[in-house]
There are 2 protein chains.
Amino acid sequence: MARRLFRKCIPGIVDVAKHASVSPATVSRYFNSPEVVRYETRKRIEAAIEELDYVPNGAARSLNRGASGTIGLIVPTIDNAIFAELAQAFSTSLFRHSRTMLIAAHGYDLAREGVLVESLLEHRVDALAIVGLKHEEQTFEILDKRDIPAVMLWNYRDRQSLPCIGVDNREVGRVATEHLLELGHRDILFLFAELRGNDRAADRRSGALAAMATAGVEVPRNRRVVSPYDVQAAKELALKALTATPRPTAIFSGNDVIALGVLFAAMSLGIRIPDQLSVIGIGDFRGSSAVEPGLTTVRIPARRIGRRGAEILIELLEWPSGHTRPDERLPVEVLQRGSTALI
Amino acid sequence: MARRLFRKCIPGIVDVAKHASVSPATVSRYFNSPEVVRYETRKRIEAAIEELDYVPNGAARSLNRGASGTIGLIVPTIDNAIFAELAQAFSTSLFRHSRTMLIAAHGYDLAREGVLVESLLEHRVDALAIVGLKHEEQTFEILDKRDIPAVMLWNYRDRQSLPCIGVDNREVGRVATEHLLELGHRDILFLFAELRGNDRAADRRSGALAAMATAGVEVPRNRRVVSPYDVQAAKELALKALTATPRPTAIFSGNDVIALGVLFAAMSLGIRIPDQLSVIGIGDFRGSSAVEPGLTTVRIPARRIGRRGAEILIELLEWPSGHTRPDERLPVEVLQRGSTALI
DNA sequence: AACGCCTCTGCAAACGTTTTCATTGATGAT
DNA sequence: ATCATCAATGAAAACGTTTGCAGAGGCGTT
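If you're wondering where the values come from, they're calculated on a predicted model, not measured in any experiment.

Chemist: Sorry, what's going on with the overall build of chain A here?
Modeler: Looking only at helices and strands, chain A features 12 helices and 12 strands. Compactness check: chain A gives a C-alpha radius of gyration of 26 Å against a globular reference of 20 Å for 343 residues, more than 25% above the reference. Based on the C-alpha atoms only, the size of chain A along its principal axes is roughly 85 × 40 × 40 Å. Counting across all 343 residues of chain A, residues that qualify as buried make up 54%.

Have a look at this one:
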C-alpha cells in the first residue's frame, strides 16, 4: 500500500528515537519503565520529545497492548443532575488511576443501548459500567462472551447476572412512603417518575405501593400518576391534583425534580407547606436542601456510587481473577427537612 | 516478540475472513464500501460475523486511517446543569454523524486543562471543543501545531485565535443589568459567579458594571459579591444582604443557580417577589420557568451551542480547507417572568 | 480470435507502538 | 586470564486494520 504522503508529519516514536539517537524500543521504555533507562539517555529523549512536541499514539499502544486504558459508562442521559453527578465522580476516580471515561447516553431507549455497547466495545473499552438493571439479553451475552469486567450502577438487587453497585430502589420507595405514613398521612398522591425503560423508577413505585399495602391503605387509581422528569410538567400535574377535591394531604414524588414542581405548585396556590401539605422527594439533588422549605427526601449517594463503580472496575482489571463478587448495596436514609410534618 | 497466547481469542477480521473463506481485505470492504462486494460474498461474511460475534477493532482502524472518529470536549465540570445540557447536545449531534464524544472535565483548573488536552490528543481525537476563551498559551500552540480542528464554546468574542461559538457574555451581563435599570432599580446587589478560571463569569461581571457606569449609577463595594455555584451558598449570601439595611431593591445573579438561592432566601424572610425585591438570573436553566414566581433570566442557548459546535467541527473535518472562519455569535434575550417588576 | 473493459477479489505493505530475546560492554569473583 | 553477572540497549516480530495495485474471470465489440 502506498505511503500516505499527505499525512501531516505528526511525529512518532521513531522520530523521537532518531532525534535522540536511540532505538524506538528505548523511547518506549522511557515511558513505560523509565528506571531501566540510563539517566543521560533519558535526558536526550526528553529533549527530543520536547523538541518535536511528541504525544504518544494511544491507538497504537492499545492495539499492541490489547488494552485501551478507557472505561465505558452508559447512562440514560447526561443531562440530568443526578447522572451528571454520577458521571463526574466516575470520571474523577478513573482519572486518579490514569484512565479515561468514555460516556454514552441512550435517552431511556433500551434498543439504542445495544448500539452503544457495541460502539464502546469497538472502542475497546477495558471495562464497562451501565446504569440500571434491565438490559437487552444480547447485551449481557456479548459482555459475557468478551468477558470484560462490567457492573451495573445505581440500582441494587441480589443475584443479578452482573455485579451491582447502588441502592435498592424498592427500599427507597418503601422508606419514603413509610415516612409519610408515620406522619399520619393516608391520602397520599403518588407522582411516580416515567417507568418505561427505567427499572429504578419501577422499583420505587413497587416499593411504595408495597408499603401502602402493608399498612393496609388503599391507593385509588387517581392517586397514582406518572410524571415526566421536568419541573414544569410536574408542577402542572400537581396543580391539577391540588385543585381537585378531596385534596391529598401528602405527595410522594418519584424524584427531587418532581418534588420541586410540586412545591412550586403548592406555592402558586397558596398552600402552606408542610402545614397543609407534606411533600417528599427522592434523590437529594444538590440544592434540595436550600429550597424553601427544605425538601424532605431520600438520600441517594450518587457520587459515592460513581466513585465506587470506578474503583471496583479498576480493581477487577488489576486483579482479574479471584475476588468475591463485588456487589455493593449502599444505605439510604430519609433526610427530614421542612417539607413534611405530622398531619 | 512472542505471541500473546493468553489473550482470550477475541476474533479479528482475519478470523472472520477465514470463516467466510475470503480474504481479510474483502471483509474490510464489506464494512467500508459494501457495494463493491458481491451479494453472496456479503451474505457469507455476515454469517461469519454473526457466528463469531465480531466487533471491529477501533484502535487498529484508527491506527491505519489516522483518524479515530472521536471528538473531544473539555468542560469545567459535567456536574453542572448547563454544561450537562451542552455536553448532551454535543454528544447527540456527534452520534448522528456516527462519531463519539470523549469528554473531560478540569474543575475550573486551567493547569489541569493542559493535561486533559494532552490526554485527548493521545487518544487521537479528530477535533476538539473547549469551553471558554481563556486557556494556556501552550494549549493553543499545540493545537495549532497539530492543526486539528478546534473551537471554543460558550463565550463569544471577536478575533480570537480559535473560532468561537457562543454568546457574548459581556452582552449578557449588560442586558440583565439594563433590564433592572429600566425597571427603575438603582440599589442593585450583584452576586457574581466565581471568577477564577472562568472568563464567562468575568465577562458578565464587566458587562454588568459597564452598564451601571453608563447609567451613571455607582456600585459600592459591598454591592459586589462573589458567590459559589451552589444554591445553599448563594442563599446564605443573599440572606446576609437582605437582612442588612438598606436593603437592595433588586439582585443581579450571575447564573440561575445563584438566583434560585436568592429566591429561597427572600422566601424564608417573607420578602415578596417581585413587589419588594426583583431578581434576575442568567442561563435559563431547565426548571427556571417553573419556579414560583417564574424566574426572569437571560436565556443562553446551551443546547444550541452544543449542537452547533459539533456540527461545525464535523464540517471542518469533512471539508478541511476553504471556508470562512466558522465563528457564531448566538443571540441572547431577557425572558421576563415573574421575578422582576417596576420598583 | 483478439482485445478491452468491468467486476470482484486477493496480496502485501503500511499505521505506531510494545516486548521478547539477543547483544554489548563493564564489573566483580575466582 | 576466565567466567558469570548485570545494566543498558537494539533488532524485530507482533497487534488488527485499510487500501493501492494487480490478477482472474466474464462479457461485449471488433
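On we go.
Chemist: Teacher, can you tell me more about the nonpolar core here?
Modeler: Side chains that are nonpolar tend, in soluble globular proteins, to be buried together. Core analysis: the largest hydrophobic core is formed by 154 residues, its most contacted members being F90(A), L153(A), W154(A), F90(B), L153(B) and W154(B). Aside from chain neighbours lying at most four places away, what touches L153(A) is L73(A), L86(A), F90(A), A129(A), I130(A), V131(A), G132(A), I165(A), I305(A) and G309(A).

Chemist: Honestly, the pattern of salt bridges in this entry has me stumped. Any pointers?
Modeler: Between side chains of opposite charge, a pair can form as their charged atoms come close. By the definition in use, this model includes 45 salt bridges over all chains. For D203(A), the salt bridge identified is with R157(A), shortest N-O distance 2.6 Å. On the criterion of sequence distance, the pair formed by D203(A) in helix α9 (residues 199-214) and R157(A) in the loop between β4 (150-155) and β5 (164-167) is long-range, its members being 46 residues apart. Residue E311(B) pairs with R308(B) through a salt bridge whose shortest N-O separation is 2.5 Å. With a gap of 3 residues between them, E311(B) and R308(B) both fall in helix α12 (residues 302-318), about one helical turn apart.

Chemist: Just checking my understanding: could you explain a negative patch on the surface for this structure?
Modeler: Taken together, the side chains of E137(A), E141(A), D144(A) and D147(A) make up a negatively charged region of the molecular surface. Locating D147(A) in the fold gives a position in the loop between α7 (137-146) and β4.

Chemist: Got a minute to help me understand the side chain of T41(A) in this structure?
Modeler: Its place among the elements puts T41(A) in helix α3 (residues 39-52). Dropping the residues within four chain positions of it, T41(A) is found in contact with V22(A) and T26(A).

Chemist: Hey, could you run me through the packing of aromatic side chains in this one?
Modeler: By convention here, two paired aromatic rings are described through the distance between centres and the angle between planes. A full pass over the atoms with the stated rule returns 12 aromatic pairs over all chains. Aromatic rings pair up to connect Y30(A), F31(A) and Y54(A) into one cluster. Over the ring of F95(B) we find R112(A), and its NZ or CZ is 4.3 Å from the ring centre.

Chemist: What exactly am I supposed to notice about the sheet that holds strand β5 (residues 164-167) of chain B here?
Modeler: In any sheet, the strands associate via hydrogen bonds between backbone groups, in a parallel or an antiparallel arrangement. Residues and elements named next belong to chain B. The parallel open sheet is built from 6 strands, whose spatial order is β2-β1-β3-β4-β5-β11. The open sheet has two free edges, formed respectively by β2 (100-105) and β11 (328-329), since each of these has just one partner strand. Where strand β4 (residues 150-155) lies against β5, 4 bridges are found, and the strand directions are parallel. What sits directly across from N155, in β5, is V167.

Chemist: Explain helix α5 (residues 81-96) of chain B here, please?
Modeler: Because each turn of an α-helix spans 3.6 residues, side chains separated by three or four positions in sequence point in the same direction. Residue and element names in this part refer to chain B. Here α5 is 16 residues long and its end C-alpha atoms lie 23 Å apart, about the 22 Å a rise of 1.5 Å per residue gives. Within α5, 12 of the 16 residues are buried, which leaves it mostly tucked inside the rest of the structure. Among all positions in α5, only I82, F83, A84, E85, L86, A87, Q88, A89, F90, S91, S93 and L94 are buried. Downstream of α5 by a residue or two, S98 has a phi angle that is positive, lying close to 45°.

Chemist: Honestly, unusual backbone geometry in this entry has me stumped. Any pointers?
Modeler: Across the chain, the bulk of peptide bonds are trans and the bulk of non-glycine residues have phi less than zero. Residue and element names in this part refer to chain B. With omega at 5°, the peptide bond leading from I273 into P274 counts as cis. The topology assignment puts P274 in the loop between α11 (256-269) and β9 (278-283). Despite not being glycine, D284 has its phi angle at roughly 55°, a positive value. Here D284 lies in the loop between β9 and β10 (296-299).

Chemist: Any chance you could explain the sheet that holds strand β6 (residues 188-193) of chain A here in plain terms?
Modeler: Residues and elements named next belong to chain A. What the 6 strands build is an open sheet, ordered β7-β6-β8-β9-β10-β12; its pairing is mixed. Each having just a single partner strand, β7 (224-227) and β12 (333-335) make up the two edges of the open sheet. Taking each pair of neighbouring strands and ignoring which way they run, the sheet shows an average axis angle of 20°. Pairing of strand β8 (residues 250-253) with strand β9 (residues 278-283) involves 3 bridges; the strand directions are parallel. For F252, the partnering residue across the bridge sits in β9 and is I280.

Chemist: Which parts of the structure should I look at to understand the relation of the copies chain B and chain A?
Modeler: Copy one and copy two of the chain differ by a rotation about a common axis and a shift along it. Each copy of the sequence occupies a distinct position, and chain B is placed on chain A by a rotation of 180° and an axial shift of 0.0 Å, giving an RMSD of 0.0 Å. The two molecules are tied by a two-fold rotation axis, judged by turn and shift. Of every C-alpha in chain B, the one belonging to A59(B) sits nearest the axis of rotation, 2.3 Å from it. Both copies share a contact surface, since 100% of the interface residues of chain B are interface residues in chain A too.

Chemist: Would you explain α3(A) in this entry?
Modeler: Residue and element names in this part refer to chain A. The end-to-end C-alpha distance of α3 is 20 Å, a good match for the 20 Å that 14 residues give at a rise of 1.5 Å each. Turning to α3, its buried residues number three or more, namely T41, I45, A48 and I49. Buried positions in α3, seen along its axis, are confined to an arc of 100° and lie on one side of it. Facing away from the buried side of α3, by more than 90 degrees, are the exposed residues Y39, E50 and E51. Elements that come into contact with the buried residues of α3 comprise α1 (13-20) and α2 (24-32). In the stretch just after α3, D53 is the one whose phi turns positive, near 55°.

Rules of the game
Residues numbered from 1 in each chain as written. Chains lettered and ligands numbered in written order. Predicted model: local features only at pLDDT ≥ 70, side-chain atom pairs only at ≥ 80, totals over all residues. Heavy atoms only, no water. Helix = DSSP H or I, 4+ residues; strand = E, 2+ residues; numbered from the N terminus. Rg over C-alpha atoms; globule rule 2.2 N^0.38 Å. Buried < 20%, exposed > 50% of the residue type's maximum accessible area, 1.4 Å probe, protein only. Core = buried A, V, L, I, M, F, W, Y, C linked by side-chain atoms within 4.5 Å. Contact = heavy atoms within 4.5 Å. Salt bridge = Lys/Arg side-chain N within 4 Å of Asp/Glu carboxyl O. Patch = residues over 30% accessible without salt bridge, like charges linked within 9 Å, V, L, I, M, F, W, Y side chains within 5 Å. Areas by Shrake-Rupley, 256 points an atom, 1.4 Å probe, with all protein chains shown as cover. Lys, Arg positive; Asp, Glu negative; His and termini not counted. Charge placed at Lys NZ, Arg CZ, Asp CG, Glu CD. Phe/Tyr/Trp six-rings, centres within 6.5 Å; stacked < 30°, edge-to-face > 60°. Lys NZ or Arg CZ within 6 Å of the ring centre and 35° of its normal. Pairing = 2+ DSSP bridges. Expected span 1.5 Å × (residues − 1). Axes fitted to C-alpha atoms, helices over the stretch in contact; angles between N-to-C directions. Least-squares fit on C-alpha atoms with pLDDT ≥ 70 in both. Arc of directions from axis to C-beta.

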